[in-house]
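Below are the chains, spelled out letter by letter.
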Amino acid sequence: MSMPNTIILCPGQGAQVVGMGRDYFEASPAARAIFERADAILGFKLSEICFAGPDTRLNETDISQPAIFATSVACHAAAVEAGVIDPLDAKSIDGLSLGEYTSLHLAGSFTFEEGLKLVAARGRYMQAASALSAGGMVAILGADEPAVAAICEKAAQGEILAPANFNAPGQIVVSGAKHACERAVKEAEAAKFKAIPLKVAGAFHSPMMQPAADQMRDELA
């Protein structure tokens, strides 16, 4: 039975893990159809990388973005098929970063094929931008905005480093140059905060991604 006032949350990059979606693929014809469509649209076995890895490939931005998008849509399709979710009951459909594309698709803004092609292009452009200069992201837990700003100021040392995602009170993600991120971990821990480097290939949501933003703008023009 579906639940009224359902809120659907769609994850962003960093949520990928080898094996994701396999149980839905095996149990749900609707989910299986989504993965099979994704493979056909992209022209390669995205599903096999989701299910069996290797994790080094799954974690690369050009793969992880379409993989998370397809898996999220497949999970939603399985839940609808099982009667757990009624799309008409959704009070809100939300997403973080890449997850915004998933939420827009589930809300009917564009088709699955259009969304998959968009996130595949986004992944390629961000992968290329990441290759231009080494970057990363770090989640800092327990600190407020002024404390995180102070950490960035100390750790930057002339490199790019700035708050990027304000996920929740007490959870702010910083993004920037690789070595600046490494210094941010040490600065955060010295200030008695928890710091978690994220499984991403670059400094997403930072000025280091401007080349990707320019290419994405041209893609949508």
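Preceding this section is the structure that the text describes.
Presented here is a report on the structure given in the accompanying data block. Being a predicted model, the structure only gives us computed values, none of them experimental.

Focus: the pattern of salt bridges
Right, on to step 1. Scanning the model with the defined rule gives seven salt bridges in all.
Right, on to step 2. For R183, the salt bridge identified is with E159, shortest N-O distance 2.7 Å. On the criterion of sequence distance, the pair formed by R183 in helix 9 (residues 178–190) and E159 in the loop between helix 8 (145–156) and strand 4 (161–168) is long-range, its members being 24 residues apart.
Right, on to step 3. Owing to a relative accessible area of 22%, R183 belongs among the partly exposed residues under this scheme.
Right, on to step 4. Where R217 meets D218, a salt bridge forms, and the shortest distance between an N and an O atom there is 3.8 Å. Pair check on accessibility: R217 and D218 agree, each one exposed.
Right, on to step 5. Three or more residues are tied together by salt bridges with common partners; here these are R57, E60 and D62.

Quick word on the sheet that holds strand 5 (residues 171–177)
Right, on to step 1. Strand order in the open sheet formed by four strands is 4-5-3-6, with antiparallel pairing between adjacent strands. Both outer strands of the open sheet, strand 4 and strand 6 (194–197), are each paired with one neighbouring strand and no more. Neighbour-to-neighbour, the strand axes of this sheet turn through a mean angle of 25°, independent of strand direction.
Right, on to step 2. Bridge analysis of strand 3 (residues 135–141) against strand 5 gives seven bridges, and the strand direction is antiparallel. Note on strand 5: the bridge partner recorded for A139 is V173.
Right, on to step 3. Against the sheet, helix 8 contacts strand 3, strand 4 and strand 5, and its axis sits at roughly 155° relative to strand 4.
Right, on to step 4. Contacting strand 3, strand 4, strand 5 and strand 6, helix 9 crosses the sheet at an angle of about 15° to strand 3.

Observations concerning the packing of helix 8 against helix 9
Right, on to step 1. Contact geometry of helix 8 with helix 9 gives a least axis separation of 8 Å together with a crossing angle of 130°. Looking at the two axes, helix 8 sits oblique to helix 9. Two packed elements cross with a definite hand, and for helix 8 against helix 9 that hand is right-handed. Listed contacts from helix 9 to I151, K154, A155 and A156 of helix 8 are A180, R183, A184, E187 and A188.

Calculation criteria
- Residues numbered from 1 in each chain as written.
- Predicted model: local features only at pLDDT ≥ 70, side-chain atom pairs only at ≥ 80, totals over all residues.
- Heavy atoms only, no water.
- Salt bridge = Lys/Arg side-chain N within 4 Å of Asp/Glu carboxyl O.
- Helix = DSSP H or I, 4+ residues; strand = E, 2+ residues; numbered from the N terminus.
- Buried < 20%, exposed > 50% of the residue type's maximum accessible area, 1.4 Å probe, protein only.
- Pairing = 2+ DSSP bridges.
- Axes fitted to C-alpha atoms, helices over the stretch in contact; angles between N-to-C directions.
- Contact = heavy atoms within 4.5 Å.
- Parallel < 35°, antiparallel > 145°, perpendicular 65-115°, else oblique.
- Left-handed = near helix turned anticlockwise from the far one by under 90°.

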